[in-house]
Amino acid sequence: MATPKDMLTTWDKVQFGAVLPSFEDPEHKKRSKFHSYNYTVADWRVEKPVFNRELCIDCDYCWVFCPDSCFQVEEVVNKRGKKQAKIVGINYNLCKGCGVCVEVCPTPIKSLLMFPEYVDNEEALKQWPKKD
Amino acid sequence: MKKIGSLKEFACTPDRFQGGHRLCPGCAHSMIVREVVNATDDDLVISTATGCLEVCSAIYPYTSWDVSWIHIGFENAAAAIAGAEAMHKALARKDKLYNDDRRVKFVAFGGDGGTYDIGFQSLSGAVERGHDFLYVCLDNENYANTGGQRSSATPIGAHTSTTPRGRVSYGEKQRKKDLTMIMAAHGCPYVATAIPGSKHWKDLATKAAKAISTVGPTFINALSPCTTEWKFKPEDTVEIADLAVETCAFPLYEIEDGHKLTINYRPKQKLPIEEYLGAQGRFSHLFKPENKWIIEEWQKQVDEYWDYLQRREEAGV
Amino acid sequence: MAERYELKNKEVWDGNMAAAHALRQAQVDVVAAYPITPSTPIVQNYAQFLADGYVDGEFVMVESEHSAMSACVGAAAAGGRVATATSSQGYALMVEVLYQASGMRLPIVMTVVNRALASPLNIHGDQSDLYLGRDAGWIHLIANNPQEAYDLTLCAFRIGEDDRVRLPVTTNQDGFLVSHTAQVVEPLQDEDAYKFVGEYKAKNPMLDTKNPVTYGAQTEEEWHFEHKANQHKALMDSFPVIEEVFKEFEKVSGRKYNLVETYKLDDADVALVLMGSAYETAMLAVDKAREEGIKVGLLMPRVFRPFPYNEVAEKLKGVKAVAALDRSAPMGTTGALYNEVAGALAAKGESAILTNYIYGLGGRDTTVEHILEVIKETNENAKAGKRVTPLQGFINLRGPKLSFN
């Protein structure tokens, strides 16, 4: 994605010393407009990973190996009182479609599979391979 | 020191390195960086040498970092972080710290170019002076950012754009420089190798946590398989990392105080080096009959080094 | 808490000691420096102050000048007062980082003891290193003697750290001729000097980790020009701040500095433009020439960058012949001062008969007699109403006369 027009400032309004602040509200971890979290690299993809919540065992391999920090987690507490990360979704703004998550997913029928970009996620879930 | 438990726990860490950067799909740099910066709860100040990571994570007007970060040039990541660490010491002594309630740690990232070659002097100087920082070398065995030229980290027989395979050449002629041992010889309190392999995420995170919390200069040499320059499909990054370890092409070990070596992982079944070399396009020409001797040379060097590590571990040095 | 150093009203210091005391009094947080002749004593004196408890900042003894400036940049971005010192080869080694420092708008102070650039190797004073770094985006102040080296180093902190400037500053002094020549210096007492310099005010400090910032981003075609223009404007806009600081310094010390210094220029037909220790030698030559009836004066840019082209043109108004003396090997063209003065005059639609002299390279002695000769030659041009002497001449060069037209 090219720099959005509203970010393209004039010489008198560029950031001082080209220094970029990460947060506009550090207290509440609200990232600034200068943070790439608010950018998108979605147009890099030709295929995308689709996440199947039913099959996922929350091993979190996809979270740790995703180069683009795409996996959205929710902190839950398990039966033994330990906190663990439950995968709740994929940030498609940041996903480049590299496919590493699919490769590292360990479930016998993978919980993540690549589908062409134009396929609707709901459709993709319907097409999921079944256990023989 | 942050205790690295199960991955389910570790994945609860709020990610300090975000997406939206312009690294290649499947880039191992990002996997390593994410683990390192998330392996501590302390605040971080990071410096990065010019290279893939720097160029892709800070393209004005965007930054991918949730922590303070500085890039000056190609050869001075270590000097930059040394300056920041010295300022921290000075302000602490004068009681002028910005936030008394926060602990700040210092981490420098450099590619193999900015660490093995042009940045070596600055790294050696910063380590010799004993600054309290961690230096992580993101080693993809070439100057990837500028199109894949050879570095002193490029292994024998590799095709790079300045040591290309051709009618009369088989690629890189020199052995890979053993930077890990050189840094251990500097007397760093802690030096280790690491890799983003599927079985080794915890090894990397634990080493990062240990290195960050160790007072003094620490060094982690992380092999970063490069989909673009090593020529494999982006989704295979983690698999290539695994092969590097399973063939002992990249052994995982740590050295404390320069003279106590511990091997962190022994493959149950050491795979032949062809498995590792065959998976990467940059070595494909080695499988031609006239180049087979290079593969034999590779296997010999890997075996010798693996043997050397084991003898050192046994001798307790 | 750093110990107070009891100073006499008049001290006998060479330029290096003067600069070292100024750095000590400014209570610099981090000094990252590497020794090189002839600025080594600055680093050594500072180390002695540290060892005796007069400095409570950090002193990082880096392994090269490139790392010295890099550590300074890292420390300044981290958020505190930073300074260093170097000369010639070391300056040349860190040139890359000079651009990086000024691009990030970090107020670092550097005292440069000007020395010739190799090859051939020479450790003595000339201004080749000053000329090398002139486009790096730093403010340059010129000191002609140890007193000025002391005064201008203190002023440098005030100028660089001002909110309206936020740029790195260099104070220059001639190698050996100023750095190793002891003269009477009237310093300020520690508390007065620190009061003048003031507390460091940080801007975007990396160590304020509650507000993380990214330094050193990459700007491609759609951004670089805007950033460089912005930086250039800051440099050009620093003139009023420099004048303000000089005015304030006069209140504290009784010594007044100006963007441009002149000597007996008001009614002059002939003027010499030069910087550094030779300026004071030239003052004696001017007095002698005036006795002989030549109406000659001197001009010196106290501030070399940003170049005060308006003030230079104004002060040279009405002067018939100007000789610009450059203490650096010109290598293929007229010297930098000649070019700057020519540009300044042209910008104001003024003209004078301009000639260029190269002098003092590698510490070559330049005496009152040598300068008197230059004055007389330049006077010939004034009298003739056109240039009758060579365009570029060489002073005190051994061998057959060398000149270019």
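Residues numbered from 1 in each chain as written. Chains lettered and ligands numbered in written order. Predicted model: local features only at pLDDT ≥ 70, side-chain atom pairs only at ≥ 80, totals over all residues.

**Topic: the overall build of chain A**
Put simply, the rule reads: Each helix is a run of DSSP H or I of at least 4 residues and each strand a run of E of at least 2, with the numbering of both proceeding from the N terminus. Radius of gyration: C-alpha atoms only; globule rule: 2.2 Å multiplied by the number of residues to the exponent 0.38.
In terms of regular secondary structure, chain A is built from 3 helices and 7 strands. Across chain A, helices and strands are ordered from the amino to the carboxyl terminus as β-β-β-β-α-β-β-α-β-α. Compactness check: chain A gives a C-alpha radius of gyration of 18 Å against a globular reference of 14 Å for 132 residues, more than 25% above the reference.

**Some details on the overall build of chain C**
In plain terms, the rule: We call two residues in contact when the distance between their C-beta atoms, placed using the backbone, is within 7 Å.
The helix and strand inventory of chain C stands at 14 helices and 17 strands. Against the globule reference of 22 Å for 405 residues, chain C gives a C-alpha radius of gyration of 21 Å, in line with a compact fold. With the principal axes as the frame, chain C shows a C-alpha extent of 70 × 55 × 45 Å. Long-range pairs, those at least 24 residues apart, make up 79% of the contacts in chain C with a sequence separation of at least 6.

**Some remarks on the interface of chain A and chain B**
Condition: Amino acid classes used here: Ala, Val, Leu, Ile, Met, Phe, Trp, Tyr, Cys and Pro are nonpolar; Asp, Glu, Lys and Arg are charged; the rest, including Gly, are polar.
Tallying the contact residues gives 40 residues for chain A and 35 residues for chain B. Within the residue set of the side of chain A that touches chain B, elements represented by two or more residues are helix H1 (61-65), strand S5 (71-77), strand S6 (83-90) and helix H2 (100-104) of chain A. Residue composition of the side of chain A that touches chain B, grouped by class: 22 nonpolar, 10 polar and 8 charged.

**Re the nonpolar core**
Test applied: Only buried Ala, Val, Leu, Ile, Met, Phe, Trp, Tyr and Cys residues enter a nonpolar core, and they are joined through C-beta atoms within 7 Å. Around each residue's C-beta, the other C-beta atoms within 10 Å are counted; 20 or more make the residue buried, 12 or fewer make it exposed, and counts in between make it partly exposed. All C-beta atoms are placed from the backbone.
Counting 268 residues, the largest nonpolar core has A:Cys62, B:Val107, C:Ala32, C:Val73, C:Ala75, C:Ala271 and C:Val322 as its most contacted members. Excluding residues within four positions of it along the chain, C:Val73 makes contact with B:Ile72, B:Ala80, B:Gly83, C:Val97, C:Gln100, C:Ala101, C:Met104 and C:Leu106.

**Here's the deal with the environment of B:His29**
All names here are of chain B. By the element assignment, His29 lies in helix H2 (residues 28-37). Separated by 196 residues in sequence, His29 and Pro225 place their C-alpha atoms 8.2 Å apart. Contacts of His29, omitting those with residues within four sequence positions, involve Leu23, Cys52, Leu53, Leu138 and Ser224.

**A word on the interface of chain B and chain C**
In plain terms, the rule: DSSP bridges decide pairing: two strands pair if at least two such bridges lie between them.
At the interface, 40 residues of chain B touch 40 residues of chain C. Looking at the side of chain B that touches chain C, the elements that each hand over two or more residues are strand S1 (43-48), strand S2 (68-70), helix H4 (77-93) and helix H6 (120-128) of chain B. Considering each element in turn, the side of chain B that touches chain C owes the most residues, 13 residues, to H4(B). Here the side of chain B that touches chain C is built from residues that sort into 21 nonpolar, 12 polar and 7 charged. Strand direction decides the pairing type here: S2(B) and strand S9 (residues 213-215) of chain C, joined by 2 bridges, are parallel. Residue pairing for S9(C): B:Ile70 is matched across the bridge by C:Tyr215.

**A short note on unusual backbone geometry**
In this structure, the amide linkage connecting B:Tyr60 to the following residue, B:Pro61, adopts the cis form with an omega of 0 degrees. Omega for the peptide link from C:Thr37 to C:Pro38 comes to -5 degrees, which places this bond in the cis form. Mapped onto the elements of the fold, C:Pro38 is located in the loop between strand S2 (30-32) and helix H2 (40-51). Positive phi, close to 60 degrees, is recorded for B:Asp95, a residue that is not glycine. With respect to the element layout, B:Asp95 can be found in the loop between H4 and strand S3 (104-111). For B:Asp95, a count of 8 C-beta atoms within 10 Å corresponds to the exposed category. Within the chain, B:Asp257 stands out as a residue other than glycine whose phi angle is a positive 55 degrees. Judged by C-beta crowding, with 12 C-beta atoms within 10 Å, B:Asp257 ranks as exposed.

**Points about the packing of helix H1 (residues 15-25) of chain C against H2(C)**
All names here are of chain C. For clarity, the threshold we go by: Only the contacting stretch of a helix is used when fitting its axis, a line to C-alpha atoms as for every element, and angles between N-to-C directions run 0 to 180 degrees. Roughly parallel here means an angle under 35 degrees, roughly antiparallel means over 145, roughly perpendicular means 65 to 115, and every remaining angle is called oblique. Helix crossings fall into two classes, left-handed where the near helix is turned counterclockwise from the far one by less than a right angle and right-handed where it is turned clockwise.
Interaxial distance between H1 and H2 falls to 8 Å at its minimum, and their mutual angle equals 45 degrees. Taken together, the axis directions place H1 and H2 in an arrangement best described as oblique. Classified by chirality, the crossing of H2 by H1 is right-handed. Facing Asn16, Met17, Ala19, Ala20, Leu23 and Arg24 of H1, the residues of H2 in contact are Pro41, Ile42, Asn45, Tyr46 and Phe49. In the contact of H1 with H2, the residues fall into 8 nonpolar, 2 polar and 1 charged.

**Description of the sheet that holds strand S12 (residues 296-301) of chain C**
All names here are of chain C. Pairing in this open sheet of 7 strands is mixed, and the strands run S10-S12-S11-S14-S15-S16-S17 from one edge to the other. The two strands at the open ends of the sheet, each matched to only one other strand, are strand S10 (260-263) and strand S17 (403-404). Across 2 bridges, strand S16 (residues 392-394) lies against S17 in antiparallel orientation. Across the sheet, the residue bridging to Gly393 is Ser403, located in S17. In this fold helix H11 (residues 278-291) packs onto S10, strand S11 (270-273), S12 and strand S14 (321-326), with an angle of close to 165 degrees to the strand it touches most, S12.

**Quick word on the packing of helix H7 (residues 146-161) of chain C against helix H8 (residues 190-197) of chain C**
Axis angle and axis distance: for two packed helices, these are the angle between their axes and the distance between the axes, and together they describe the pair. Residues and elements named next belong to chain C. Remark: H7 packs on H8, axes separated minimally by 9 Å, with the N-to-C direction vectors making an angle of 30 degrees. In this view, H7 runs roughly parallel relative to H8, as classed from their interaxial angle. In contact with Leu154, Phe157 and Arg158 of H7, H8 contributes Ala193, Phe196 and Val197. Residues that form the contact of H7 with H8 fall into these classes: 5 nonpolar, no polar and 1 charged.

**Examining the sheet that holds strand S8 (residues 218-223) of chain B**
Pairing in this open sheet of 10 strands is mixed, and the strands run S1(A)-S9(C)-S2(B)-S1(B)-S3(B)-S4(B)-S8(B)-S7(B)-S9(B)-S10(B) from one edge to the other. Two strands bound the open sheet, and with one partner strand each, they are strand S1 (20-21) of chain A together with strand S10 (260-263) of chain B. Lying over the sheet, helix H12 (residues 292-315) of chain B contacts strand S9 (253-256) and S10 of chain B, oriented at roughly 120 degrees with respect to S10(B).

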